[in-house]
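Each chain is listed here by its residues.
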Amino acid sequence: MKFLSFTTPTGASFGLTDGKTVVDLGLRTGGTLREAIRRDALSDLARHANAPADYRLDEIGFLPVIPDPAKILCVGLNYVEHRREGNHAETAKAPPVFTRYPQSQCGHLAPMVIPAESDDFDFEAEVAIVIGKAGRRIDRETALTHVAGISAYNDGSVRDWQLAAGQWLPGKNFPATGAFGPWLVTPDELPADRSLRLQSRLNGQVMQDATTDLMFPIPDMIAHLSTFLTLEPGDVIVTGTPGGVGFRRSPPVYMKPGDVVEIEVEGVGILRNPVVKEGA
């Protein structure tokens with residue numbers, strides 16, 4: 001099943017999609033996708049899949065898959081190639097972890113915004129998972145039972161702000177710099193432990209192309225993060241980017257106003273966003 005969050009002239013909602021049309025579940029059941037996940041209601045909501053469509057995809061505005069997560073936990077340096085291009089050690093006991101906040105996100109087809117303070121705006125193709133069941137100190141062996149689904153994420157990075165003081169958070173939290181979508185694919189359709197092809201494309205040119213061979217696989221990430229945090233339904237874990245990012249190229253390649261950036265995750269689809277400059 002594919003679930004999405006969206007907006008129309010009547011307000012924000014969530015629904016089911018077949019990739020062409022949308023069944024409005026907010027209209028039928030109320031609430032948000034995060035609340036439906038908290039109620040463990042996604043399987044039950046599948047009964048609406050054959051209901052008459054309420055919208056075509058071109059009649060909605062895409063919101064981030066989870067517009068209001070309590071936590072967005074981002075895992076860094078989780079691919080060997082990305083470690084190599086940054087001259088980092090190829091092994092580690094644990095991954096770096098940083099946080100995003102909801103206002104830093106935007107949905108599919110919404111503009112990603114280069115902030116007024118910088119032009120060093122980089123792309124990062126990533127797979128995101130959404131937590132479906134709460135837990136603390138979750139065992140690796142049962143970790144996948146806590147996953148509600150998978151989506152695509154562009155962890156857009158304002159590199160000079162990210163690297164200015166050794167703390168990544170400033171460069172990851174300017175408004176509308178992280179794209180999340182287009183929808184959430186549930187494990188019955190796409191198991192979270194499957195190896196997936198992951199690409200980023202800038203104006204049609206492939207910039208990153210890898211499979212999700214993670215140094216710290218999803219079960220390990222869930223076990224690690226849930227040791228020091230209680231993971232809650234609707235929390236988002238962004239799992240890291242492969243090699244090929246723009247600022248490690250010679251010369252560096254950054255996203256510019258007028259560009260179109262795409263993140264494609266096998267089994268999910270394409271997350272596409274135009275790029276604009278703040279205030280333009």
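Residues numbered from 1 in each chain as written. Predicted model: local features only at pLDDT ≥ 70, side-chain atom pairs only at ≥ 80, totals over all residues. Heavy atoms only, no water.

What follows is about the overall build of the protein. Along its length, the protein carries six helices and 19 strands. When its C-alpha atoms are laid out on the principal axes, the protein stretches across 50 × 45 × 30 Å. For the protein, the proportion of its 280 residues judged to be buried stands at 54%. In the protein, the share of contacts with a sequence separation of at least 24, taken over all contacts with a separation of at least 6, comes to 75%. Summed over its atoms, the accessible surface of the protein is roughly 11800 Å², and 52% of this surface lies on carbon and sulfur atoms. Separation between the mean location of the 27 positive side-chain charges and that of the 35 negative ones in the protein comes to 2 Å. (Helix = DSSP H or I, 4+ residues; strand = E, 2+ residues; numbered from the N terminus. Buried < 20%, exposed > 50% of the residue type's maximum accessible area, 1.4 Å probe, protein only. Contact = heavy atoms within 4.5 Å. Areas by Shrake-Rupley, 256 points an atom, 1.4 Å probe, with all protein chains shown as cover. Lys, Arg positive; Asp, Glu negative; His and termini not counted. Charge placed at Lys NZ, Arg CZ, Asp CG, Glu CD.)

For the rest of this paragraph, the subject is unusual backbone geometry. Residue P182 is reached from G181 by a cis peptide bond, and omega for that bond is 0°. For P182, the location among the structural elements is in strand 14 (residues 178–185). For L109, which is not glycine, the phi torsion reads 75° and is therefore positive. The residue N203 is not glycine, and still its phi comes out positive at about 55°. For N203, the position within the fold is in the loop between strand 15 (197–202) and strand 16 (205–211).

Take the pairing of strand 12 (residues 147–155) next. Counted residue by residue, strand 12 has nine buried out of nine residues, so it is predominantly covered. The pairing of strand 11 (residues 125–131) with strand 12 spans seven bridges and is antiparallel. Among the inter-strand pairings, A125 is bridged to a residue of strand 12, identified as N154. Sheet topology places strand 12 next to strand 14; five bridges connect them, and they run antiparallel. Pairing of A152 across the sheet is with G181, part of strand 14. (Pairing = 2+ DSSP bridges.)

The subject of this paragraph is the sheet that holds strand 16. Strand order in the open sheet formed by five strands is 9-19-18-15-16, with mixed pairing between adjacent strands. Every interior strand has two partners, whereas the edge strands, strand 9 (112–114) and strand 16, have only one. Strand after strand, the sheet turns through a mean of 20° between neighbouring axes, direction not considered. Bridge analysis of strand 9 against strand 19 (residues 269–277) gives three bridges, and the strand direction is parallel. Paired with V113 across the strands is V276, a residue of strand 19. (Axes fitted to C-alpha atoms, helices over the stretch in contact; angles between N-to-C directions.)

In this structure, L4, I60, I150, I222, L231, I237 and M255 are the most contacted members of the largest nonpolar core, which totals 52 residues. Grouped together as the second largest cluster of nonpolar side chains are 25 residues, F14, L33, L45 and I72 included. (Core = buried A, V, L, I, M, F, W, Y, C linked by side-chain atoms within 4.5 Å.)

Moving on to the state of the cysteines. In this structure the tally under the stated criterion is zero disulfides. Lacking any disulfide linkage, C74 is separated from the closest cysteine sulfur, that of C106, by 14 Å. Judged by relative accessible area, which is 0%, C74 ranks as buried. Given the relative accessible area of 6%, C106 is considered buried. (Disulfide = S-S within 2.5 Å.)

Across all of its chains, the model carries 22 salt bridges by this definition. The salt bridge involving D122 is made with R159; its shortest N-O contact spans 2.9 Å. Linking D122 in strand 10 (residues 121–122) with R159 in helix 5 (residues 159–163), this pair joins segments that are 37 residues apart in sequence. Just as D122 is buried, R159 falls in that class too. One network of salt bridges, with partners in common, ties together R100, D122, E124, D155, R159 and K172. (Salt bridge = Lys/Arg side-chain N within 4 Å of Asp/Glu carboxyl O.)

Let us now look at the pairing of strand 15. For strand 15, the tally of buried residues reaches five of six residues, placing the bulk of the element in the interior. With six bridges joining them, strand 15 and strand 16 adopt antiparallel strand pairing. By the bridge assignment for strand 16, R197 is matched with T211. Count of turn residues in the strand 15/strand 16 antiparallel hairpin: two residues, of which N203 carries a positive phi of about 55°.

Here the focus is the packing of aromatic side chains. For the structure on display, the rule yields four aromatic pairs. Aromatic pair F98 and W168: ring centres 5.5 Å apart, planes at 70°, arrangement edge-to-face. Of the two residues, F98 is situated in strand 7 (residues 97–100) and W168 in the loop between helix 5 and strand 14; the sequence distance between them amounts to 70 residues. Residues Y153 and F180 carry aromatic rings whose centres are separated by 5.1 Å and whose planes lie at 40° to one another, so their mutual orientation is tilted. Of this pair, Y153 sits in strand 12 while F180 sits in strand 14, and the two are 27 residues apart along the sequence. Note on accessibility: Y153 and F180 belong to one class, buried. (Phe/Tyr/Trp six-rings, centres within 6.5 Å; stacked < 30°, edge-to-face > 60°.)

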